[in-house]
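Summary of structural features
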Amino acid sequence: MTMRFGNPDRPNSYIGKTVPRPNAGRLVQGRGRYVDDIVLPRMVHVVFVRSPYAHAKIKGIDASEALAVKGVLRVFTGADIATVCTPWVGVLAHLKGLKSPPEYAIAVDRAAWVGEPVAAVVASTRLAAEEAAALVDVDYDPLPEVTDMMTALDDATPVLHPDMGDNLAFERTHVEGDIDAAFASAHKVIEAHFKTGRHTGVTLEPRSILVDWNPGEGHMTAWHATQAPHMVQVVLAEHLGMPESRVRVICGDVGGSYGIKVHIYPDEVATAAIAKIMARPVKFIADRLESFTTDIHARDHEIWGRIAVAEDGEILAFDIDDWTAIGAYSVYPRTSAIEGNQVVNLCGGPYDFKNYRAKTTVVFQNKTPTSQYRAVGHPIAVTVTEGLVDMAAAALDMDPVAIRHRNLFADDAYPATSPAKMRFEGLSHHASLTKLVDLMDYDALRADQAAAKARGVVRGIGIASFIELTNPSPMMYGIGGARISAQDGCTVRMDPDGSIVAASSVTEQGQGTEAMLSQIVAEGVGVLPTQVRIVTGDTQSTPYGGGTWASRGAGIGGEAALQAAKALRNAILEVAGAMLQCPPDTLDIRDGAVVNMSDGADRMPLSELGRIVYFRGDTLPKGLPRELVQTRHYTPADYPFAFTNGVQASYVEVDTDTGHVKLLKHWCVEDCGRVINPQLVDEQIRGGIVQGLGAALFEELHYDAEGQLLNGSMADYLVPMAGEMPDMIIAHVETPTLESELGAKGAGEAGTAGAAAAVMNAINDALRPFGGEVTAMPFTPERVLRGLGKLQD
Amino acid sequence: MKASVGGYARATDLRHALDLLAQSDGMGRVLAGGQSLIAAMNMRLSTGDLLVDINQIAALKGVTLDGDRLRIGALTRHAEVATDPLIARHAPLLRRATDLIAHAAIRNRGTIGGAIAHADPAAEFPACALALDATIHVDGPDGPRDIPAADFFEGLFETTIQDGEILTAISLPIAEDGEWQVIHELARRSGDYALAGLCVVRRKAGHRIVCISVGSHPELVPDAMARMDAGDIDGAVVALRAAIDPPSDTQASAAYRRHLIGVLLQRAAADLNGEPQ
Amino acid sequence: MTAVFSDRIDIALRVNGEEVEARVPAGRHLVDFLRLDLGLTGAHASCEHGVCGACTVKVDGQAIRGCLMLAAQADGADVWTVEGLSDTGDLSDLQAAFVARNALQCGFCTPGMLVAAQELLAQPGIPSRHAIREHLSGNYCRCTGYEAIVDAIESTAQARADRGVA
């Protein structure tokens, strides 16, 4: 049966409706079960001794004082862990030239960033382990450090990893068209230099893992706050020398992830190694202060960009030179080259233009490794692209809306391929922009801006169009040799009482995966969402799959759930047909009962069908299939990625005496294809926007020249709080992907992709009459004032 | 991280608290609201402290009017300062400052005595105390002492409180008829420590100006105050910018803070010339 | 150590309406006591330096930071956590509003948010959105962007006013 999602009066019409999340009720009662809430018999705590130097040789470790602390059981060095745990290398074959040296769970003879683990202390309490960790005496011999990105490749700069030859981790250049001719013939050429602040995810639940090794069974269980349980299973098995089948990863409630919890962290692998050595449960909960130096960082980019435009506003070319520094190692197994690679893939993304050159240069440095964080690379590409487009509009005296309509891919242009060779199945840039302009009442807002100016109040409006990469196929990681599944599966079964249990390989991180799955399965089978129980986050009891990252849960996991649910429906109706002596295609399942397809008349509740199948199977015809469990998998194949699009707008007020920026309001129209649960999608967009607003105004990790992090606490690293955040108006255009029946694309990263660029353009709209401009994030009061030229020294 | 504490004792009265401090071999730390101290202990910036918990001492609580002086017990919580009618009437600067201090849950625990004794240059109450010409009352092994706020703050987190002494209360002259008390600051987020701030009090005797977050400790700025007395606001801004030596940190440079403090003084001056309070 | 100071403190208090007696390490903060000693894992330890608000609990009628108060200081106190406030139904309308508005995603900040919000809702009148945002300015949520939380609190305040509840 084909689903008719467009008909709101169809039976079991849950897809497209706001259905409550099944797990919200217990979370508001404090009944979540996060890793740190779990206490096991004989459990011990591990705390890591971390390098205070950005780069130092480890000459010796004396743990005698630490071992004397009451409650301390063991102290492990890197060499101790290396006896049971092999090092890893964070490269992928399709990122040609990417290099990174072997990385150990605990540094063996050299520490390469402030915060790298150099020893582990295990004790009966966290307090004892912390006290002892402070007493571990590590004899360091400081080495010259590499900290500045732009001089990392200079001859005078030491080579961080001598075996690698130089400090270049990865480089990629993409050229399309005749870039030199385009710039030579342009009516206007605008150049600008952008910076995005190095930041980090600050999940409210710190990184957490609890590992138990049962030598009797040769079996490891890890309770882990992760987005990718099967990937963690693979990595622990491979590096600790166990068959994958002997490792179980359980991912219960997770207190926020945003990409931070999709990576392999040395201290977490070391925790598993210690559990294997000690044969007892070992818990590691990252302390907030160590989170700042050990959670992955992201977005440390400097970009030189140029745009060439014709007199009528046509974009002729973009020329992008992106630099990023990724810390001391490429993060395993997804690598640290994806972000720069994304900048090359995504710059200019919304626009139909011909000539493109983009280069990313990815260098090593003695800082915390960087890797994928929500909307990987998008905020950088969108900032550069949209910043340049607005500057071009200003130079041409064009309205920012007009220049976008002049250049966005036409809504009937699809399928289309961008100059960066990204393939678009179907996007809606113009419809989205038109909707945004209506929603924000653009002309009225411009009038308000003018009225404010007359009162001496300086306001600005900024717009940012964007594309977003979602539903990644095996072209993202699998092609590079990583055992990271692009496929997801769902097993749906009916129990005797007619209730449904669905086990899915995509995970719940708070975004509403379980609600999304429950409504898809409810509609696919024909029951109420409350009759569906969802199981996620357990490698032992769910199908194999990728998990939750790159905005893939609904688009990939949702399609698998839909197909499994439909298969179960058919299996149920086959049994029902036999029981009711009628062809199965004359029957339907609605609200948990078998009914006539034609008139909807009740024939039999599912609980009765379940009773017969499970307890009185003898009364059914011998040989009648009665498989009330069905599994289906899905992996995208037609397109490497399902691109989505959207556009955001920001309205700000700038205090031109202090440089303070106030966010007045924010809008976003985006197109994630089929919207499964409008409320959940809207809240993903809002949450994502605010992470982007953090990038725009607050978030930046500061290092000194010696590689010391200067603001590694929540008092000093500023995240967005309620007081400064605006209300946000969200709307959608729906262009379902035709690759799946469900038609859903991802929505989790759209908010983050475009928010910072919209704010930058709004600030610059406000500053432009004063001759001011800002292009280095975050836009602190001081940077805004300097952008206005009001602060010289 | 987890705090490493040498010991804890709950003082039943002031005498007991002083005895405990006397027996602590210099490791004693007075625990009042704890909103800075316990954070520091949890970050292991302070370990092995012998904590003297003064929260149960009734004599350190309460706000009283004594003739033309207002006395505020050391244990008066920020949330109580925010709502106390005597403070609102006689020392409105303190009430206004509470809007700028941290967040509701912190204000429920933090105490005015603790904040002043901690002498954080980015905190509002120490600056307010000096701007209001408060007297700091301490008690100790050698008996009680009354210290003018101008002599109290010595340096970065340093005051003239001696080992073994406890800050018991502050007192201050009640606002004169027509007195102005304003506080202006700019923080990046609500409740954050200010990038810079200032308190301006205008009395018959003249202006008093004390800055926040631009030096090692609260200090009066006589040159700027004199210019204000003379009605020369631009001159006061120049004098104020010249008088301070602000820090550079990850939030802002010294140059920015110096610029900002002038803007804040101009805004305070605009307030002073605005509607009567 | 001198005899008058102890590194283990006996405390007797009420937690969620029940009498509790315990001996706690002097440096143990209240939220660790609740989580580790009493198994009340609703309030969370996240930053442990007083910034994030995940540990917010109610002590003697006021919302406080559970990481910035020692368990030793809670002797004689009346402590309420999200678990107890759920049992009594004190939070039920607010919790229902949070669920209905999806004012939580990962749920890690939620117990602290609820306790902070409850304090605001106990004040007379319907708070403005600005006042709600100000009151929550010390409670970090990385997931929602805050707007849904503000909505849930605003609608609860409105509903209570409509019903004639404080």
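Every value quoted in this text rests on a predicted model; they were computed, and no experiment measured them.

1. A closer look at the overall build of chain C
Check the secondary structure of chain C and you find 6 helices and 5 strands. Helices and strands appear in chain C in the N-to-C order β-β-α-β-β-β-α-α-α-α-α. A compact globule built from 166 residues should have a C-alpha radius of gyration of about 15 Å, and chain C, at 17 Å, falls within 12% of that. C-alpha extents for chain C along the principal axes are approximately 55 × 30 × 25 Å. The buried share among the 166 residues of chain C stands at 67%. Taking all contacts inside chain C whose residues are at least 6 apart in sequence as the whole, residues at least 24 apart take part in 53%. Element-wise, carbon and sulfur atoms account for 48% of the exposed surface of chain C, whose accessible area totals about 5300 Å². The positive charge centre, built from 13 side chains, and the negative charge centre, built from 21, are 6 Å apart in chain C.

2. Notes on the interface of chain A and chain C
Counting residues at the interface gives 50 residues for chain A and 44 residues for chain C. In total, chain A and chain C occlude about 3800 Å² of area from one another, counting both sides; carbon and sulfur atoms represent 53% of this. Scanning the region where chain A abuts chain C turns up 7 salt bridges. Salt-bridge contacts for A:Arg686 lead to C:Glu147; the nearest nitrogen and oxygen are separated by 3.3 Å. The interface formed by chain A and chain C includes 30 residue pairs in polar contact (both at pLDDT 80 or more). Of the residues that constitute the side of chain A that touches chain C, the class distribution is 22 nonpolar, 17 polar and 11 charged.

3. Let's talk about the UniProt feature "domain: FAD-binding PCMH-type" (unreviewed entry) in chain B
The sites that carry the UniProt feature "domain: FAD-binding PCMH-type" (unreviewed entry) are, in the present numbering, residues 1-177 of chain B. With 33% helix and 26% strand, residues 1-177 of chain B has its two end C-alpha atoms placed 50 Å apart.

4. Some details on the domain arrangement of chain C
All names here are of chain C. Domains assigned within chain C are domain 1 (8-85) and domain 2 (91-163). Residue-level contacts link 17 residues of domain 1 with 14 residues of domain 2. For the pair domain 1 and domain 2, the two sides together bury roughly 1200 Å², of which 59% comes from carbon and sulfur. Interface area lost by domain 1 to domain 2 is led by His44, Val82 and Leu85, which between them contribute 40%. Seen at the junction of domain 1 and domain 2, the total is 0 salt bridges. The set of elements that each furnish at least two residues to the side of domain 1 that touches domain 2 consists of strand S3 (56-59), strand S4 (62-65) and helix H2 (82-88). Residue composition of the side of domain 1 that touches domain 2, by class: 9 nonpolar, 6 polar and 2 charged.

5. Here's the deal with the packing of helix H10 (residues 378-396) of chain A against helix H11 (residues 400-407) of chain A
Residue and element names in this part refer to chain A. Across the interface, H10 lies against H11 with an axial gap of 9 Å and an inter-helix angle of 110°. One finds that H10 runs roughly perpendicular with respect to H11. In the packing of H10 onto H11, the handedness of the crossing is right-handed. In contact with Glu386, Val389, Asp390, Ala392, Ala393 and Leu396 of H10, H11 contributes Pro400, Ile403 and Arg404.

6. With respect to the packing of helix H17 (residues 678-697) of chain A against helix H18 (residues 750-767) of chain A
All names here are of chain A. Orientation of H17 relative to H18, taken along the N-to-C sense of each, is 40°, at an axis distance of 7 Å. Relative to H18, the element H17 lies oblique. Seen along the crossing, H17 lies across H18 with a hand that is right-handed. Along the contact surface, H17 presents Ile685, Gly688, Ile689, Gln691, Gly692, Leu693, Ala695, Ala696 and Leu697, while H18 presents Ala750, Gly751, Thr752, Ala755, Ala756 and Val759. Of the residues belonging to the contact of H17 with H18, the class tally is 10 nonpolar, 5 polar and no charged.

7. Things to note about the domain arrangement of chain B
Residues and elements named next belong to chain B. Along its sequence, chain B is carved into domain 1 (5-53), domain 2 (62-173) and domain 3 (180-272). Using C-alpha coordinates to define each centre, domain 2 is positioned 20 Å away from domain 3. Of the residues lining the interface, 27 residues belong to domain 2; the matching set on domain 3 comes to 21 residues. Taken together, the two surfaces of domain 2 and domain 3 that pack against each other cover about 2000 Å², and 61% of this comes from carbon and sulfur. Applying the counting criterion to the domain 2 and domain 3 interface returns 1 salt bridge. The set of elements that each furnish at least two residues to the side of domain 2 that touches domain 3 consists of helix H5 (92-98), helix H8 (124-131) and strand S8 (153-155).

Cut-offs applied
Residues numbered from 1 in each chain as written. Chains lettered and ligands numbered in written order. Predicted model: local features only at pLDDT ≥ 70, side-chain atom pairs only at ≥ 80, totals over all residues. Heavy atoms only, no water. Helix = DSSP H or I, 4+ residues; strand = E, 2+ residues; numbered from the N terminus. Rg over C-alpha atoms; globule rule 2.2 N^0.38 Å. Buried < 20%, exposed > 50% of the residue type's maximum accessible area, 1.4 Å probe, protein only. Contact = heavy atoms within 4.5 Å. Areas by Shrake-Rupley, 256 points an atom, 1.4 Å probe, with all protein chains shown as cover. Lys, Arg positive; Asp, Glu negative; His and termini not counted. Charge placed at Lys NZ, Arg CZ, Asp CG, Glu CD. Buried area = accessible area lost by both parts, 1.4 Å probe. Salt bridge = Lys/Arg side-chain N within 4 Å of Asp/Glu carboxyl O. Polar contact = N/O pair within 3.5 Å; in protein donor to acceptor, adjacent residues only side chain to side chain. Nonpolar A, V, L, I, M, F, W, Y, C, P; charged D, E, K, R; others polar. UniProt positions renumbered as here; feature names shortened; annotations may be inferred. Domains from an automatic or database assignment. Axes fitted to C-alpha atoms, helices over the stretch in contact; angles between N-to-C directions. Parallel < 35°, antiparallel > 145°, perpendicular 65-115°, else oblique. Left-handed = near helix turned anticlockwise from the far one by under 90°.

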